[in-house]
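Residue-level listing of the chains:
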Amino acid sequence: MGEDRDPRLAVVALGGNALLRRGQRGTFEEQYAAASEAAAGIADLVEMGYRIVVTHGNGPQVGAQQLRHDAGERVHGLPALPLHACDAETQGLLGYIVQQALSNELRSRGIDARVAALVTRTRVDPSNPAFANPTKPVGPFYSEEDARRIAAGRPGVALVEEPGRGWRVVVPSPDPVEVLERGAVRALVDSGFIVVACGGGGIPVVEEGGILRGVDAVVDKDLASEVLATAIGAGTLAMLTDVDGAYLNYGKPGQRMLGRVSVEELEGYYAEGHFGSGSMGPKALAAIRFIRNGGLSAVIGPLERTADVVLGRAGTLVVP
């Protein structure tokens, strides 16, 4: 199945920690500095002859954007935009930050810097069960008073309480069906561009009666990256995070990091519940899907060793 895959084309998925570190306020300068660190490893791969598509998370940024809209509505009467519009806003900002950082890193190495950031939509199925059971927390924590105000002003919105921290909006997290801009991504790659796409998993849209409509949902970034990587014929899907790889019994006595594993082994561990749904679970599932769909290798590993992860020298390497 992998005969149509390009072994020199890699989709590199940056975890949320890549652009906003824990404890930071989220200033432009902080995020640009973090992107510059990530860019160094990507530039190493470009020097080795790899063609690269970069995807990234946007969780902290979209939460901050919702706070800005909320404050603008309360203080100045400006209409707050829906979540899918906030996704588009943060895609543009983060795409610019990654584009700028990567362009400057490549230029510093004397490499012709052709980097394009693409606003990307991901189609989801409106009949997906996730729409009837929103579980994905987004945005900031609210007091009970603010939660009541939001619920009154936004009919249909769901909020849940996390004891000791406050209330948060929860939204559906449906599976991605297709990345609508996949053809544009491949065309740009074939024209020699490094492409930044699928920010935050893509802007979720549904198709109804031949019309596309944005929906307030969150598509998992790693699952969307797999859909894109498969569609453009990438040989490698690399998911970068803040741990060394995928662990069995993580945080428990006898925890063990997985090195090189077959897709069958990983499927077994996934079925046994070794990977948390809010952390390593989506990465493991994306790796399984990518290999089952014909990918050559899927890797989960640390951001600071980007090139080694893509080359299979660090992290958890999943193979057919």
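What you see is a predicted model; the values in this text were computed from it and never measured.

Looking at this structure, I do not really get the pairing of strand E17 (residues 316–319). What am I missing?
Regular strands show a simple pattern: their side chains alternate between the two faces of the sheet. Here E17 shows no split at all, with Thr316 and Val318 on one side and Leu317 and Val319 on the other all buried. Looking at chain direction, strand E15 (residues 260–262) and E17 are connected through 3 bridges and run parallel. Across the sheet, the residue bridging to Val261 is Val318, located in E17. Summarising the sheet, strand E16 (residues 297–302) and E17 pair through 3 bridges and their orientation is antiparallel. By the bridge assignment for E17, Ala298 is matched with Val318.

Sorry if this is basic, but what is going on with the sheet that holds strand E8 (residues 176–179) here?
Strand-to-strand pairing in sheets goes through backbone hydrogen bonds, with the strands running parallel or antiparallel. Ordered in space as E8-E4-E10-E11, the 4 strands form an open sheet in which the pairing is mixed. Of all the strands in the sheet, the pair left with one neighbour each is E8 and strand E11 (211–214). Each strand axis lies, on average, 40° off the axis of its neighbour in the sheet, ignoring direction. One ladder, built from 4 bridges, connects strand E10 (residues 203–208) with E11; its direction is antiparallel. Along E11, the bridge assignment pairs Glu208 with Ile211. Against the sheet, helix H3 (residues 83–108) makes contact with E10 and E11, and its axis sits at roughly 135° relative to E10, the strand it touches most.

Would you mind showing me how to read unusual backbone geometry here?
Glycine aside, residues mostly have negative phi angles, and peptide bonds mostly take the trans form. Phi angles above zero are rare outside glycine, and Cys198 is one such case at about 55°. On the secondary structure map, Cys198 appears in the loop between strand E9 (194–196) and E10. Given a relative accessible area of 0%, Cys198 falls into the buried group.

Conventions adopted
Residues numbered from 1 in each chain as written. Predicted model: local features only at pLDDT ≥ 70, side-chain atom pairs only at ≥ 80, totals over all residues. Heavy atoms only, no water. Buried < 20%, exposed > 50% of the residue type's maximum accessible area, 1.4 Å probe, protein only. Helix = DSSP H or I, 4+ residues; strand = E, 2+ residues; numbered from the N terminus. Pairing = 2+ DSSP bridges. Axes fitted to C-alpha atoms, helices over the stretch in contact; angles between N-to-C directions. Contact = heavy atoms within 4.5 Å.

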